[in-house]
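Structural features, examined
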Amino acid sequence: MPLSPLATDKELSDFLKSVEKRAFKRTAYTVRNDDAALDIVQDAMIRLAEKYVDRPPAELPLIFQRILSNATMDWFRRQKVRNALFVNLSDFEGADDDGGDFDLLELLDTSGNRTSTENAADSVSRMQVLKAIDAQVAQLPTRQREAFLLRYWEELDVAETASVMGCSEGSVKTHCSRAVHALAKALRTKGVTL
Amino acid sequence: MNQTPTRPAPPMARQALEDRIAARLTSALTEYQASSMPADIDARLRFAHERALAAARLALAQRAPAPSVLGASGSAAVLGAAGGPSDAPWWLRLGSLVPFAVLLGGLLLIDNHYLRTQIDAAAEVDAAILVDDLPPEAYRDQGFVEYLKSSRP
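A brief structural summary.

Definitions and limits used
- Residues numbered from 1 in each chain as written.
- Chains lettered and ligands numbered in written order.
- Predicted model: local features only at pLDDT ≥ 70, side-chain atom pairs only at ≥ 80, totals over all residues.
- Helix = DSSP H or I, 4+ residues; strand = E, 2+ residues; numbered from the N terminus.
- Buried ≥ 20, exposed ≤ 12 C-beta atoms within 10 Å, placed from the backbone.
- Contact = placed C-beta atoms within 7 Å.
- Core = buried A, V, L, I, M, F, W, Y, C linked by C-beta atoms within 7 Å.
- Axes fitted to C-alpha atoms, helices over the stretch in contact; angles between N-to-C directions.
- Parallel < 35°, antiparallel > 145°, perpendicular 65-115°, else oblique.
- Left-handed = near helix turned anticlockwise from the far one by under 90°.
- Nonpolar A, V, L, I, M, F, W, Y, C, P; charged D, E, K, R; others polar.
- Expected span 1.5 Å × (residues − 1).
- Arc of directions from axis to C-beta.

Once that is clear, we can look at the overall build of chain B. Tallying secondary structure elements over chain B gives five helices and zero strands in all. Listing each helix as α and each strand as β along chain B from the N terminus yields α-α-α-α-α. Among the 153 residues that make up chain B, the fraction classed as buried is 8%.

Laid out in structure tokens, this is it:
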């Protein structure tokens, strides 16, 4: 099997630049503390650079997401709130509402006006919509949010997401579906369309 | 009131719809993040970025192979070759043992020379005693030994 070329300095730099902001946001959603999230992301980036710099560039995204997830878990361990976290998680999971009969199409703006020119009022309104989406994502149960962000924001496939989260592919699909339905329903309730 | 009951979408269509909504949601998240990221967080991420790159350079430098010990002429680089010892031909790996063999031979020669010098010195003393006028038994006499010591200037 031919060996893939190793990541160069520029490739590593470009990769970090492409993921660092999303990594921060994802971690901030989880730990709900910007300073802690910055520390965790920095720690994960340095760990990746020190230990996996000799890996091919194509392997870096998955490795980095694993390191980031482990670093986040380490942070929770250090905070001695891991048990509380999982108790809360199970509470959330049990109370999940997967949308029921809610029609996802109601969330989509099918009028075809999405690309029209925005004026100042539209811009403000758009920012409010974005803020509402951000708030709703932050309110998702942790596992659903992790699956949703890894699968759709980090663009990992189902198997890779399952690997990072340490669960089955079926669980990833379930978490993602529930997350999309929960977001769609919450945003529709607020009158938001996409 | 003329509502038609909605038929559940087939799994493929449902998955496609979920993917479409998810794509729009994550696109919105990216847009919101780009427009709302505080400058101090941006600066700290840049700092973390630089630290990570520095760590990578250090790690690569530490993993680089050691410089050749005997490589002054280029052709005699038998230690620390770029591909590692396992990549070198057998005669080259055998050649790396030559300096140790030379060192061991040199130590044996020095030890042998030192031993021979001691033997020669002892033989000279023995010869001097044997050709002397005094019989060797005289040196066993404690009184004679004391006499020799006290008679030295």
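The helix and strand inventory of chain A stands at eight helices and zero strands. For chain A, the sequential pattern of α-helices and β-strands runs α-α-α-α-α-α-α-α. Out of the 194 residues belonging to chain A, those deemed buried represent 33%. Counting only contacts in chain A whose residues sit at least 6 apart along the sequence, the fraction spanning at least 24 positions is 69%.

Let us look at the nonpolar core. Ranked by internal contacts, the top residues of the largest apolar core, which has 29 residues, are Ile133(A), Phe148(A), Ala179(A) and Leu183(A). Elements with a contribution of two residues or more to this core: helix H5 (120-139), helix H6 (142-153), helix H7 (158-165) and helix H8 (169-189) of chain A together with helix H1 (11-36) of chain B. Those residues in contact with Ile133(A), other than ones at most four positions away along the chain, are Leu187(A), Leu25(B), Ala28(B), Leu29(B) and Tyr32(B). Formed by 24 residues, the second largest nonpolar core is a distinct cluster that contains Phe24(A), Met45(A), Ala52(B) and Ala56(B).

The N-to-C vectors of helix H2 (residues 34-51) of chain A and helix H2 (residues 39-63) of chain B enclose an angle of 20°; their axes lie 8 Å apart at closest approach. In terms of orientation, H2(A) and H2(B) fall into the roughly parallel class. As H2(A) packs across H2(B), the resulting crossing turns out to be right-handed. Judged by residue contacts, Asp34(A), Leu38(A), Val41(A), Gln42(A), Met45(A), Ile46(A), Leu48(A), Ala49(A) and Glu50(A) of H2(A) engage Ile41(B), Arg44(B), Ala48(B), His49(B), Arg51(B), Ala52(B), Leu53(B), Ala55(B), Ala56(B) and Ala59(B) from H2(B).

Here the focus is the interface of chain B and chain A. Counting residues at the interface gives 28 residues for chain B, matched by 38 residues for chain A. Counting only elements with at least two residues in the side of chain B that touches chain A, the list comes to H1 and H2 of chain B. Taken together, the residues of the side of chain B that touches chain A sort by class into 18 nonpolar, four polar and six charged.

Looking now at helix H3 (residues 60-78) of chain A. Residues and elements named next belong to chain A. Compared with the 27 Å implied by 1.5 Å per residue over 19 residues, the 26 Å span of H3 between its first and last C-alpha is a close match. Considered for burial, the residues of H3 that qualify are Leu60, Phe64, Gln65, Ile67, Leu68, Ala71, Thr72 and Trp75. Along the axis of H3, the buried residues cluster in a sector spanning 165°; they form a single face.

Residues and elements named next belong to chain A. Two elements in contact, H7 and H8, have axes separated by 8 Å at closest approach and are oriented at 100°. As summarised for this structure, H7 and H8 are arranged roughly perpendicular, according to the angle between their axes. Here Val158, Ala159, Thr161, Ala162 and Met165 of H7 come into contact with H8, specifically with Glu169, Val172 and Lys173. Tallied by class, residues from the contact of H7 with H8 come to five nonpolar, one polar and two charged.

With 34 residues, helix H4 (residues 98-131) of chain B should reach 50 Å at 1.5 Å per residue; the first-to-last C-alpha distance of 49 Å fits that figure. With zero of 34 residues buried, H4(B) is to be regarded as a mostly surface element.

With that settled, consider the environment of Phe76(A). All names here are of chain A. Assignment of secondary structure puts Phe76 in helix H3. We classify Phe76 as partly exposed; it has 17 C-beta atoms within 10 Å. Along the sequence, Phe76 and Thr30 sit 46 residues apart, while their C-alpha atoms lie 9.9 Å from each other.

Trans is the prevailing form of peptide bonds, just as negative phi is the prevailing case for residues other than glycine. Residues and elements named next belong to chain A. Positioned with a positive phi, Arg32 is a non-glycine residue whose angle comes to about 55°. For Arg32, the location among the structural elements is in the loop between helix H1 (9-31) and H2. Residue Arg32 is classed as exposed on the basis of its C-beta count, with 10 C-beta atoms lying within 10 Å.

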